[in-house]
Amino acid sequence: MAKAAELLPGTLDMLILKAVSLRPLHGYGVLLRIKQISNNALDIPQGSLYPALYRLEHQGLIRGRWGASDNNRKAKFYSLTAAGTRRLAEEAAGWSRLADAIGAALNATLPDTEA
Amino acid sequence: MRLFRSLRSLVAVAFGRARFERAMSRELRFHIDARTDDLMRAGVPRAEAGRRARAEFGGTEGLKDELRAARGQRLLDELRQDTRYALRGLRRSRGPAIVAVLALGIGVNLAVFSVVHTSLLRPLPHPQPDRLVSISSLNLESGRPHQTAPLDFFDFEARSSSLARIAAYYPPGFTITGGAEAERVSGARASSGIFEVLGVRPAIGRGFLPAEDRDPGAYVAVIGHDLWLRRFHGDAAAIGQTITLSGRPYTVVGVLPEGFHSPAMWPRTPEVWVPIGLDPNVGRRTARMLRVLGRLRPGVTLAQANGELGAIAGALAAEHPAINTGTGATVSGLHEQLTRDVRPSLYALAAAVLALLLVSCANAAGLLVGGALERKYEFATRLALGASRARIVRQIVAENLVLGLLAAAIGFGLALWTTDYLVGAATAAGVPRASEIRVGWTTFFVGVLLSIGCSLACGLIAAWEAVRLRDLRVVRGAASTPRRTRARALLIAVEAAFSLALLAGAALLVRSFYELQTTTPGFDPAHIVTTRMSVPQARYPAGPVLAAFYDRAVERVSALPGVESASVTDWLPASGFGASLNVTLPRGAARSTTAAPVELRVVGLDYFRTMRMPIVAGRSFDRRDADGSPHVVAINESMARAYFAGADPIGQRLTIDRGAPFDAEIIAVVGDVRELALRLPAGPGVYAPKTQQPWLRHETRDLVVRVAAGAPSPASAIQAALRELEPDLPRSPVQPMEAVIAVALTRPRFYASAVAAFASIAALLAGFGIYATVASAVAERRRELGVRLALGASPGDVLVRAARYGAAPTLLGLAAGVPLALASGRVVRDQLYGVGPADWPTLLAVVACMSAIGIAAAILPSIRASRIDPAMTLRHEAAD
């Protein structure tokens, strides 16, 4: 198993939004889904998941609803709101630009101007 | 949008805290359970799986705090904190508190001022109101004024030269019939001078002619503007048309101008005026029934008029010694005469609110002095740098004026806001001209003046305290607060003293009210209903026809289901109205044989039984006492006691003077009833049966009906029965007797509750003032108290020492307040009932109450003093 990557600051919210955008998930499900969609590359510290969920709910980006889990326990399922969908698109676009820029920067070679 | 969301979340948080907590715990538990399941599925044993799941998740309590914060709860908590800071700040910055305290005092004063101004100070709404006078006949023996006999009035009119015009009236009500539904209106039978005296000219048509004064056949009427609109639709052609008044057609000859009203006319401004129409040939010097108004001739003083009318009355007594001996005449200013009854009560009210203003001023001054002391560094520094004292005083007073004017504006708003309530309460309490009460410009200017006065007084006290700080030690911060609290102690004492006086007055009034309320009127008012039968006079002339109508009415009503008995009387008990009679006692009676006025009621046969008045001796009136059979009367116990002194009055004879004297046999002694007013103990009284002459001619129009206990109110059945007898009977409410009596309580209730409210406000203000003073004294002396604690004083010692700043001046003030409280008893003396103006139990109770307030207010802030951490204060000292 590859070593889980450190999460960059600010990316957790985006990952949560992405995770619940596919289908409504409870907190534990968000954790599993992020692991799954990142091919086990990203491991979320359990202590920071719930504050993030609550913050996003407070900001109106996701909405929590109580429902039954797979084994019929009552669980709170989070889903994306319209505002959340917009935010996810913005963040994803922003992230792609940033990733491209950082990738480009890291792959850059020194032009031989001093030669 | 964002704001809205935050707000919504906040509201949800505020209202759903418990639900949120439950949901949060459940969600976290689910997470751990789900993880446990997964671990078990991976082959971990149950116990181990649970343990590992919890360990991975970490502590939940800290997490929950984070979650609460994330959810926005922090916002709420911060909000709560902000509020607390703001409140603390408010307590520090004394401006709002000063404005509130002054506004309360000024507002209450303005409200009462508008009442006092309207009824006592504002001139009557007539031209040259200071020339208007009231003329009364005078019982020279008792010194009491009474109404004037018609012939005396005509003689006054003919012989007086000090009066430019003089007029007489009496106020019968009229029943208007024909056209729309029958209607009862206020009316006056007035002599021709009435409109000139009042200074009003009919808007259309004419007033009365002098010839109509003595012409009983003058069926003309002047009507008020409202009635003109109601009955004639404001048509000028109303002049010359007829209006049916109490069954008789009158020709309308004039309409008064719109808005005319006259507080001079008793009991209210008439809607219908008809000529007095007195037949001069009928011997009418005994019927003292006229109210006489006059207008002084220019240049004539009240004293001159008084002298002249007295002389005329003297001459009349010489000319008609049999009737007029002992009858004088007196002239008083009309305004003064109208307000005579209510004047002491209103002055008491004014005194109460002035005391309240004093308390709120002292309170504001105390707050200001505290504020000035907090700025002592500023002031002391400026003084040290050469600022003049005058400059500092000016600054403080100016700051204060702003606060005072703000308070005046709020107080004016307060008074404006309570106007409707005031008018209602004052009307119910019988304050003259209550309907004219306005909170207007005069009130506003008085408010501004009051506020300027208050701000100057408070500001100067505070400024005086501030400029005494010309001491470099203050600037260095080294000076403690020597003798600083002296001014504030004095202010506390003033507040305590005047609050005590107010409380004492209020307690006496409230006690009087309860005494009055629990007074038994001498009959059983429960289950009695009453209504008035105002039959059209023309169709029911006084005499057998009228008497027969009353008989039929009683008979019909008695037969109604649920009715035990019914009867009639000329005046209901405790209603404030009544008639008196001169009787001559038989030779051999205990007291004397001279004529003496006694209370007279003419009643129906079943009256005593219906009212449940005990018959102490003898028998009730019955069918034997018919017209033509020997005259009989019943007397009350007071009369038996006063005039027969133990001898049996039954069978004795009274000589009754009703123009033609006749003898009547006493057949019964009945229990005393407070006939005239609930607050007046019963005096000697006579009851006469309405079935015999001359009472047969009497209007006994008040129907009293005893309803069986538990039976439904027969009100509508009674009204229907009466209407069936006489369709033109104007609708008159069927009232419980208890409601009639309660009317007598509205006036004392008004004054008692008003003064009690003012006293409570004053006591609260005093408590607040004491609290504030002790609190700031504690704050200023933190170091001193801290040092004491460090040196071994117990928290209890410190508490007592701190509380003393407030408690000592309070007790001093209360001691000084006792004479003030006694004075307030004297101010309300006229309104007391069943309790003296210097009632020691009441006084002790209010002193105890005020002491409790003062001590509680002093101890509360002192508790903080006892909790001072000595180490902290000492370090604070070192840091300074």
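Values in this document were obtained by computation on a predicted structure and should not be read as measured data.

Calculation notes
Residues numbered from 1 in each chain as written. Chains lettered and ligands numbered in written order. Predicted model: local features only at pLDDT ≥ 70, side-chain atom pairs only at ≥ 80, totals over all residues. Heavy atoms only, no water. Helix = DSSP H or I, 4+ residues; strand = E, 2+ residues; numbered from the N terminus. Buried < 20%, exposed > 50% of the residue type's maximum accessible area, 1.4 Å probe, protein only. Contact = heavy atoms within 4.5 Å. Areas by Shrake-Rupley, 256 points an atom, 1.4 Å probe, with all protein chains shown as cover. Phe/Tyr/Trp six-rings, centres within 6.5 Å; stacked < 30°, edge-to-face > 60°. Lys NZ or Arg CZ within 6 Å of the ring centre and 35° of its normal. Lys, Arg positive; Asp, Glu negative; His and termini not counted. Salt bridge = Lys/Arg side-chain N within 4 Å of Asp/Glu carboxyl O. Polar contact = N/O pair within 3.5 Å; in protein donor to acceptor, adjacent residues only side chain to side chain. pLDDT = per-residue confidence, 0-100. Buried area = accessible area lost by both parts, 1.4 Å probe. Patch = residues over 30% accessible without salt bridge, like charges linked within 9 Å, V, L, I, M, F, W, Y side chains within 5 Å. Charge placed at Lys NZ, Arg CZ, Asp CG, Glu CD. Core = buried A, V, L, I, M, F, W, Y, C linked by side-chain atoms within 4.5 Å.

## Section: the overall build of chain B
Within chain B, the regular secondary structure consists of 28 helices and 24 strands. Burial analysis of chain B (880 residues in total) assigns 49% to the buried set. Long-range pairs, those at least 24 residues apart, make up 80% of the contacts in chain B with a sequence separation of at least 6. When the accessible surface of chain B is split by element, carbon and sulfur atoms take 59% of a total near 39,800 Å².

## Observations regarding the packing of aromatic side chains
Taken as a whole and judged by the stated rule, the model has 18 aromatic pairs over all chains. Seen from their ring centres, Phe-444 of chain B and Phe-445 of chain B are 5.9 Å apart, and the 70° between their planes marks the pair as edge-to-face. When its relative accessible area of 28% is taken as the criterion, Phe-444 of chain B is described as partly exposed. Feature note: the residues Phe-195, Phe-208, Phe-260 and Trp-273 of chain B constitute an aromatic cluster, connected by ring pairs. Its end group placed over the ring of Tyr-54 of chain A, Lys-76 of chain A keeps NZ or CZ at 5.3 Å from the ring centre. Geometry around Phe-154 of chain B places Arg-214 of chain B over its ring, the cationic atom sitting 3.9 Å from the centre.

## Details of the side chain of Arg-674 of chain B
All names here are of chain B. Of note, Arg-674 is situated in the loop between β21 (662-670) and β22 (685-689). One buried charged residue, Arg-674, remains without a salt bridge, the closest side chain of opposite sign being Asp-672 at 8.3 Å. Here Leu-678 takes part through its backbone oxygen, which lies 2.8 Å from a polar atom of the side chain of Arg-674. When near neighbours in sequence (up to four residues on either side) are disregarded, Arg-674 contacts Thr-519, Thr-520, Pro-521, Pro-573, Ala-574, Arg-679, Leu-680, Pro-681, Ala-682 and Tyr-833.

## Side note on the confidence of the model for chain B
Taken over all residues, the pLDDT of chain B has a mean of 84, while the share at 70 or more is 90%. For this predicted complex, the interface confidence reaches an ipTM of 0.84, while the overall pTM sits at 0.69.

## Examining the interface of chain A and chain B
Opposite the 23 residues of chain A that make contact, chain B presents 23 residues. Approximately 2,100 Å² of surface area, both sides summed, lies buried where chain A meets chain B, with 59% of it carried by carbon and sulfur atoms. Taken as a group, Tyr-28, Tyr-54 and His-58 of chain A account for 35% of the area that chain A buries against chain B, more than any other trio of residues on that side. Here chain A and chain B share 1 salt bridge between them. Taking the shortest distance from any N to any O, the salt bridge between Asp-37 of chain B and Arg-73 of chain A comes out at 2.8 Å.

## Here's the deal with a positive patch on the surface
Residues Lys-74 of chain A together with Arg-19, Arg-22, Arg-26 and Arg-29 of chain B make up a contiguous surface patch of positive charge. With 4 residues, the top contributor of residues to the positive patch is helix α2 (residues 17-41) of chain B. Tracing the sequence through the fold places Arg-26 of chain B in helix α2.

## Focus: a nonpolar patch on the surface
A grouping of Trp-95, Leu-98, Ile-102 and Leu-106 of chain A is seen on the molecular surface, where their side chains present a nonpolar patch of about 400 Å² in accessible area. Looking at the secondary structure, you find Ile-102 of chain A in helix α4 (residues 82-107).

## So, the nonpolar core
Residues Leu-346, Leu-349, Met-613, Phe-621, Tyr-687 and Phe-758 of chain B are the most contacted members of the largest nonpolar core, which totals 112 residues. If you tally residues by element for this core, the top one is helix α13 (residues 343-374) of chain B, at 19 residues. In this view, Leu-349 of chain B contacts Val-112, Phe-750, Tyr-751, Ala-754, Val-755 and Phe-758 of chain B; residues no more than four positions away in its chain are not counted. One finds Leu-15, Ile-34 and Leu-53 of chain A together with Ala-34 of chain B within the second-largest nonpolar core, a separate group that totals 41 residues.

## A look at unusual backbone geometry
All names here are of chain B. Backbone torsion omega between Gln-693 and Pro-694 reads 0°, so that peptide bond is classified as cis. The topology assignment puts Pro-694 in the loop between β22 and β23 (702-707). The phi dihedral of Gln-128 is positive, around 40°, even though this residue is not glycine. By secondary structure assignment, the location of Gln-128 is in the loop between α6 (95-121) and β1 (132-139). Positive phi is not limited to glycine here, since Arg-612 has a value of about 60°. Here Arg-612 lies in the loop between α21 (607-611) and β18 (615-618).

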